[in-house]
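Chain residues, written in single-letter form:
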Protein chains: 2
Amino acid sequence: MRHKSYACSFGCSVEAAIEAIGGKWKGVILFHLMDGTKRFNELRRLMPSVTQRMLTKQLRELERDGIVHRHVYAEVPPRVEYRLTAFGETLEPILKELEAWGSQYLNKLAALRSEKE
Amino acid sequence: MRHKSYACSFGCSVEAAIEAIGGKWKGVILFHLMDGTKRFNELRRLMPSVTQRMLTKQLRELERDGIVHRHVYAEVPPRVEYRLTAFGETLEPILKELEAWGSQYLNKLAALRSEKE
DNA sequence: CGGTATCCGCGTTGATACTG
DNA sequence: CAGTATCAACGCGGATACCG
């Protein structure tokens, strides 16, 4: 799914953007990181329905894509903090708009359902 | 994947938004529909790598979600046109920003690769 | 023209157990 | 605390064929 060849020229940057942030939990992860640096288990607590495996995987992809920075402290017990990179921060306005739009969308879905009853 | 219960309160509207537009081809479809009404095979020509099955499926989901309107003309041969709904049009600024960001992102990926060589 | 129907591979995800 | 490893299951998506 990831890292296909983006040979096409038009509309594909939209696709690339959606691939970067459209992973199953990435939007929510990024949204929480907009609040500031978070530790691994902090994120887990914020997203209880995400398994540890998936959280790790999504964070690694975001790191690979230059959106999230991972800082490992050489301590015992281990401490790992995640934060947006400068590039990741350029997503903030988009994430905020997505949240606003998503909220409208959820309202609309709820309205559609209640009018069917 | 779709129509989970959105019981949670925070960050989930981002998730909902991404689920609505994050389908494999939805971003590109919507981007093309921003140009104006398109017939089914017009969209196919604009996105040659999308199979007919997938295009149909994604369009049906966008229709169900109130983002795209499907107009069937009672003609022979059949004619079906797709266009953004009023609600779908509220996505336009977001899609444009996603495209701009995606373009930056692709540049960044290309830079990362070339500096590894 | 604009779809459905069916089959199936394979990637993604979850569950569980283990670790430095 | 913050992961990795392994295995099994599920479902997305492609290929192909057929239809009104």
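Residues numbered from 1 in each chain as written. Chains lettered and ligands numbered in written order. Predicted model: local features only at pLDDT ≥ 70, side-chain atom pairs only at ≥ 80, totals over all residues. Heavy atoms only, no water.

- In the annotation of an unreviewed UniProt entry, chain A is listed under the name DNA-binding transcriptional regulator, HxlR family and assigned to Onishia taeanensis.

Looking at the relation of the copies chain B and chain A
Right, so step 1: Between chain B and chain A, the superposition needs a rotation of 180 degrees and an axial shift of 0.0 Å, giving an RMSD of 0.1 Å. One copy is carried onto the other by what is essentially a two-fold rotation axis. Among all residues of chain B, the one whose C-alpha sits closest to the rotation axis is Gly22 of chain B, at a distance of 2.8 Å.
Right, so step 2: A symmetric contact is evident, with 95% of the interface residues of chain B recurring at the interface of chain A. (Least-squares fit on C-alpha atoms with pLDDT ≥ 70 in both. Contact = heavy atoms within 4.5 Å.)

With respect to the protein's contact with DNA strand D
Right, so step 1: Taken together, 18 residues sit near DNA strand D, with Gln52, Arg60, Arg70 and Tyr82 of chain A together with Arg53 of chain B positioned nearest.
Right, so step 2: Between DNA strand D and the protein, one listed contact pairs a phosphate oxygen with a side-chain N or O atom of Arg39 of chain A at 2.9 Å.
Right, so step 3: The contact in question runs from a phosphate oxygen of DNA strand D to an N or O atom on the backbone of Val80 of chain A, over 3.4 Å.
Right, so step 4: Of all elements in the fold, only helix H3 (40-46), helix H4 (52-64) and strand E3 (79-84) of chain A together with helix H4 (52-64) of chain B reach the threshold of two or more residues within the surface near DNA strand D. (Near = heavy atom within 4 Å. Polar contact = N/O pair within 3.5 Å; in protein donor to acceptor, adjacent residues only side chain to side chain. Helix = DSSP H or I, 4+ residues; strand = E, 2+ residues; numbered from the N terminus.)

Some details on the protein's contact with DNA strand C
Right, so step 1: Surveying the vicinity of DNA strand C reveals 20 residues, the closest of which are Arg53 of chain A together with Gln52, Arg60, Arg70 and Tyr82 of chain B.
Right, so step 2: The sugar-phosphate backbone supplies 60% of the atoms of DNA strand C found within 4 Å of the protein.
Right, so step 3: Contacts to DNA strand C include Asn41 of chain B, whose backbone N or O atom sits 3.1 Å from a phosphate oxygen.
Right, so step 4: Within the side chain of Gln52 of chain B, a nitrogen or oxygen atom sits 2.5 Å from a base nitrogen of DNA strand C.
Right, so step 5: Of all the elements in the fold, those that place two or more residues in the surface near DNA strand C are H4 of chain A together with helix H3 (40-46), H4 and strand E3 (79-84) of chain B.
Right, so step 6: Among the elements that take part in the surface near DNA strand C, H4 of chain B stands out by supplying four residues, more than any other.
Right, so step 7: When grouped by side-chain class, the residues that make up the surface near DNA strand C number eight nonpolar, four polar and eight charged. (Nonpolar A, V, L, I, M, F, W, Y, C, P; charged D, E, K, R; others polar.)

Some details on the UniProt feature "domain: HTH hxlR-type" (unreviewed entry) in chain A
Right, so step 1: UniProt's entry tags residues 12-110 of chain A with the feature "domain: HTH hxlR-type" (unreviewed entry), counted in the numbering of this structure.
Right, so step 2: Taken end to end, residues 12-110 of chain A is 62% helix and 14% strand, and its first and last C-alpha atoms sit 32 Å apart. (UniProt positions renumbered as here; feature names shortened; annotations may be inferred.)

Some remarks on the interface of chain B and chain A
Right, so step 1: Contact residues are listed per partner, giving 40 residues for chain B and 41 residues for chain A.
Right, so step 2: Across the chain B to chain A interface the summed buried area is about 3900 Å²; carbon plus sulfur atoms make up 76%.
Right, so step 3: Of all residues in chain B, Phe87, Trp101 and Tyr105 of chain B bury the most surface against chain A, accounting for 18% of the area lost on that side.
Right, so step 4: Summed over the shared surface of chain B and chain A, the result is zero salt bridges.
Right, so step 5: On inspection of chain B and its partner chain A, the count reaches six residue pairs in polar contact (both at pLDDT 80 or more). (Buried area = accessible area lost by both parts, 1.4 Å probe. Salt bridge = Lys/Arg side-chain N within 4 Å of Asp/Glu carboxyl O.)

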